[in-house]
Amino acid sequence: QVQLVESGGGLVQAGGSLRLSCAASGRTFSSYHMGWFRQAPGKERTFVAAITGTGSNTFYADSVKGRFTISRDNAKNTVYLQMNSLKPEDTAVYYCAASLLWGKNPNRYDYWGQGTQVTVSS
């Protein structure tokens, strides 16, 4: 079992940056592909970015490509989401998730964190 705890959310002005972190428990962290998802009020949870267990491959939603960067440090059991050039439409609760299957479908992810709020003011 994997437990995930996100941190790093907050309030930022448009054009600013934030870095989210997701700390994972367990000794098999590198076995899991990791993803970031977000959910705005009244909307469905959507895919943001994913990274393979080794960190060799990444995948991004078109809406964040070129602005967000996902990375991981398996020695620290942590995955990161660097968010630059933030826009008001990036406002959402951000979740990290772990999966043994690769992909952007949230149904493939077995473990989820509690979420961290990101608010971008205009």
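Residues numbered from 1 in each chain as written. Predicted model: local features only at pLDDT ≥ 70, side-chain atom pairs only at ≥ 80, totals over all residues. Heavy atoms only, no water.

### As for the pattern of salt bridges
As enumerated under the stated definition, the model contains 3 salt bridges in all. One salt bridge connects Asp62 with Lys65, and the closest N-O pair in it is separated by 3.2 Å. The exposure class of Asp62 is exposed, given its relative accessible area of 65%. A network of salt bridges, in which partner residues are shared, links Arg38, Arg67 and Asp90. (Salt bridge = Lys/Arg side-chain N within 4 Å of Asp/Glu carboxyl O. Buried < 20%, exposed > 50% of the residue type's maximum accessible area, 1.4 Å probe, protein only.)

### Structural notes on the packing of aromatic side chains
Scanning the entire structure with this criterion turns up 7 aromatic pairs. Relative to Tyr109, the ring of Phe37 has its centre 5.0 Å away and its plane inclined at 80°; by these criteria the two rings are edge-to-face. Here the residue Phe37 occupies a position in strand E4 (residues 33-39), and Tyr109 occupies one in the loop between strand E9 (92-99) and strand E10 (111-112), the gap between them amounting to 72 residues. Here Phe37 falls in the buried class, since its relative accessible area comes to 0%. (Phe/Tyr/Trp six-rings, centres within 6.5 Å; stacked < 30°, edge-to-face > 60°. Helix = DSSP H or I, 4+ residues; strand = E, 2+ residues; numbered from the N terminus.)

### A word on the state of the cysteines
One way to say it: the disulfide is the covalent bond shared by the sulfur atoms of two cysteines. Under the criterion given, the structure shown has 1 disulfide. The disulfide that involves Cys22 links it to Cys96, with 1.9 Å between the sulfurs. Of note, the bridge from Cys22 to Cys96 carries an S-S torsion of about 50° and is right-handed in sense. On the criterion of sequence distance, the pair formed by Cys22 in strand E3 (residues 18-24) and Cys96 in strand E9 is long-range, its members being 74 residues apart. Take Cys22 and Cys96: they sit in the same class, and that class is buried. (Disulfide = S-S within 2.5 Å.)

### As for the nonpolar core
The nonpolar side chains of soluble globular proteins are, as a tendency, buried together. The biggest cluster of nonpolar side chains holds 34 residues, and the ones touching the most others in it are Met34, Trp36, Leu81, Met83 and Tyr94. Those residues in contact with Leu81 that sit more than four places away from it in its chain are Leu18, Arg19, Leu20, Trp36, Val48, Ala49, Phe68, Thr69, Ile70 and Tyr94. (Core = buried A, V, L, I, M, F, W, Y, C linked by side-chain atoms within 4.5 Å. Contact = heavy atoms within 4.5 Å.)

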